[in-house]
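# Remarks on the overall topology
Residues per chain, in single letters:
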Amino acid sequence: MSRLDRDLSSPPPIPEEGIAAVEGVLRSGWLHRYGETMGDASEVSLLEADFAALLGSRYVVAVNSCGSAMFLALLCTGVKPGGRVLMNAFTLAPVPGAVAHAGAEHVLVDVTPDLVIDLDDLAQKAEASGARHLLLSHMRGHIADMGRLMALCERLGLTVIEDCAHTMGASWAGRPTGTFGRVGCFSLQAYKHVNGGEGGLLATDDPDVAARAILHSGSYMLYGQHRARPEEAVFARWRDVTPNFSLRMSNLVAAAARPQLPLLAGRARIWNDRYGRLATALAAIPGLRLPHRPQEEEFVQSSIQFAVSGLDDAHFAAFLERSRARGVFLKWFGAKRATGYTSVSAQWGFLSDPHTPPVTAGVLERLCDMRIPLTLTEAECGIIAGIIAEELAA
Ligand SMILES: *Cc1c(COP(=O)(O)O)cnc(C)c1O
């Protein structure tokens, strides 16, 4: 019996240039992004400027995680303690965590079988809750119809913050994710598209949001060392009333991450090639359904999702177990209890009403999820599809 002999969770490697830059930072001792008299050439400031140019965004603020970026985005766009924030019911723990960090109340919105936020449910929940903010996850790289979504949010008076942890490098109809909403939040955690180990990037065109995020992140009075920053007059409005939360990014992280930005397009081609091979092979297996991908969606797919039909609980659990035993590690977001990196909204006991909305529960019930490591070979895609087909039929 064939077996897949590799760790599907291996993160993207750090290129030699990044290793050299990290070494340079270590040798210089400048691990902290600010110096008292130094100019604006720290690795973190350069990363912010590079990412702003790549995304086409006016301002970028680097912080210690995407969770911190989402927390600051909520705060700096006016979420108040007790305020309501709409969010996808299918997402990962840092998202409800960011809402809780801001002291706000969660309003869970259903997702469709194509794994994007359900716009009808969004409209209904927005009106029923009176929420003014949507924290939108492009979960597992699936992008909603951003034209319709933004028009709807405008009509409803919703401020949109995008969680782009899985869509760095991806676009909808030619426009990068993270530039539709007031703020876009990106992750440099090891399993995302650029691997800094830990880290977050907050992108915005709004000068007040940018200045507040920089000050909150812990810039002291050294915000002038940021390159992708608003002008002094904007800081003057905020610097004496904005507490320092010390959420800075280290120069080590930026040094490892920055040389990966120019590699993003090449990585996307590899990920999407492997995704395409897996998707074609899996879609041919009876009883498997893959999410529909619209033409306008230019995804970067570093994982794959498919739903299984026709298996009861026990047979589905056995299928997962046998696939894993052959090296194909499938995650299951439909489990009653979260394991590993999965997250289950019914288990978020810090919410005032923890539950999984019914449509989402149905979508997740038989949904399988597998990482696509950058180093996965074409041959291994065939082996994986073969193992899944055999174990489904077993
Ligand atoms: C990883 C992830 C985040 C947060 O990233 P961190 O940098 O680990 O805080 C947010 N949303 C989703 C969907 C993620 O997978």
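Residues numbered from 1 in each chain as written. Predicted model: local features only at pLDDT ≥ 70, side-chain atom pairs only at ≥ 80, totals over all residues. Heavy atoms only, no water.

### Some points on the packing of helix H3 (residues 66-76) against helix H4 (residues 94-101)
Each pair of packed helices can be summarised by the angle the axes make with each other and by the distance between the axes. Packing of H3 against H4 brings their axes to within 8 Å, and their N-to-C directions diverge by 40°. Taken together, H3 and H4 sit at an angle that is classed as oblique. Relative to H4, the crossing made by H3 is right-handed. Only Pro94, Val95, Ala98, Val99 and His101 of H4 make contact with H3, whose side of the interface consists of Gly67, Met70, Phe71 and Leu74. Across the contact of H3 with H4, the residue classes break down as seven nonpolar, two polar and no charged. (Axes fitted to C-alpha atoms, helices over the stretch in contact; angles between N-to-C directions. Helix = DSSP H or I, 4+ residues; strand = E, 2+ residues; numbered from the N terminus. Parallel < 35°, antiparallel > 145°, perpendicular 65-115°, else oblique. Left-handed = near helix turned anticlockwise from the far one by under 90°. Contact = heavy atoms within 4.5 Å. Nonpolar A, V, L, I, M, F, W, Y, C, P; charged D, E, K, R; others polar.)

### A word on the packing of aromatic side chains
Overall, the coordinates contain eight aromatic pairs when judged by the stated rule. Aromatic side chains Phe90 and Phe333 sit 5.1 Å apart centroid to centroid with 75° between the ring planes, which places their arrangement in the edge-to-face category. Linking Phe90 in the loop between strand S2 (84-88) and H4 with Phe333 in the loop between strand S13 (331-332) and helix H12 (358-364), this pair joins segments that are 243 residues apart in sequence. With a centroid separation of 5.2 Å and an interplanar angle of 70°, the aromatic rings of Phe316 and Trp332 are classed as edge-to-face. Note that Phe316 is positioned in helix H11 (residues 313-325) and Trp332 in strand S13, a separation of 16 residues in sequence. Using a relative accessible area of 22% as the deciding quantity, one classes Trp332 as partly exposed. Taken together, the ring pairs in this structure connect Phe316, Phe319 and Trp332 into an aromatic cluster. The aromatic ring of Tyr191 is capped on one face by Arg371, whose charged end is 4.1 Å from the ring centroid. (Phe/Tyr/Trp six-rings, centres within 6.5 Å; stacked < 30°, edge-to-face > 60°. Buried < 20%, exposed > 50% of the residue type's maximum accessible area, 1.4 Å probe, protein only. Lys NZ or Arg CZ within 6 Å of the ring centre and 35° of its normal.)

### Overview of the domain arrangement of the protein chain
Taken as a whole, the protein chain is organised into domain 1 (16-262) and domain 2 (264-393). Summing the contributions of domain 1 and of domain 2, the shared interface buries around 3,200 Å²; its carbon and sulfur component is 59%. Counting the surface domain 1 buries against domain 2, the share from its top three residues, Leu108, Arg140 and His193, is 21%. The tally of links from domain 1 across to domain 2 stands at two salt bridges. The partner of Arg289 in a salt bridge is Asp114, with the nearest N and O atoms 2.9 Å apart. In this assembly, domain 1 and domain 2 are joined by 21 residue pairs in polar contact (both at pLDDT 80 or more). Within the side of domain 1 that touches domain 2, the residues separate by chemical class into 23 nonpolar, 13 polar and five charged. (Domains from an automatic or database assignment. Buried area = accessible area lost by both parts, 1.4 Å probe. Salt bridge = Lys/Arg side-chain N within 4 Å of Asp/Glu carboxyl O. Polar contact = N/O pair within 3.5 Å; in protein donor to acceptor, adjacent residues only side chain to side chain.)

### Topic: the pattern of salt bridges
Going through the model one piece at a time under the given rule, you end up with 22 salt bridges. A salt bridge links Arg140 to Asp369, with the shortest nitrogen-to-oxygen separation between them at 2.8 Å. Placement of the pair is Arg140 in the loop between strand S4 (133-137) and helix H6 (146-156) and Asp369 in strand S14 (residues 367-371), with a sequence separation of 229 residues. Residue Arg140 is classed as buried on the basis of its relative accessible area of 7%. The closest approach of N and O atoms between Asp313 and Arg366, which form a salt bridge, is 2.7 Å. Of this pair, Asp313 sits in helix H11 while Arg366 sits in the loop between H12 and S14; the two residues are 53 residues apart in sequence, bridging distant segments of the chain.

### Considering the nonpolar core
Membership of the largest hydrophobic core comes to 56 residues, with the highest contact counts inside it found for Leu122 and Ile388. Both domain 1 (16-262) and domain 2 (264-393) contribute no fewer than three residues apiece to this core. If we ignore the near neighbours within four places in the chain, the residues touching Ile388 are Leu282, Ile285, Leu288, Phe306, Phe319, Val328 and Leu330. Grouped together as the second largest cluster of nonpolar side chains are 38 residues, Cys76, Ala104, Val209 and Ile214 included. (Core = buried A, V, L, I, M, F, W, Y, C linked by side-chain atoms within 4.5 Å.)

### Brief notes about the sheet that holds strand S3 (residues 105-109)
Spatial strand order, S1-S9-S8-S5-S4-S2-S3: seven strands in an open sheet with mixed pairing. Unpaired on one side and paired on the other, strand S1 (59-63) and S3 mark the two borders of the sheet. Strand-to-strand twist across the sheet, computed as the mean angle between neighbouring axes with direction ignored, equals 20°. Sheet analysis places S2 next to S4, joined by three bridges and oriented parallel. The residue of S4 that forms the bridge with Val85 is His133. Where helix H5 (residues 119-129) meets the sheet, it contacts S2, S3 and S4, and its direction lies at approximately 150° from that of S3. Against the sheet, H6 makes contact with S4 and strand S5 (159-163), and its axis sits at roughly 165° relative to S4, the strand it touches most. (Pairing = 2+ DSSP bridges.)

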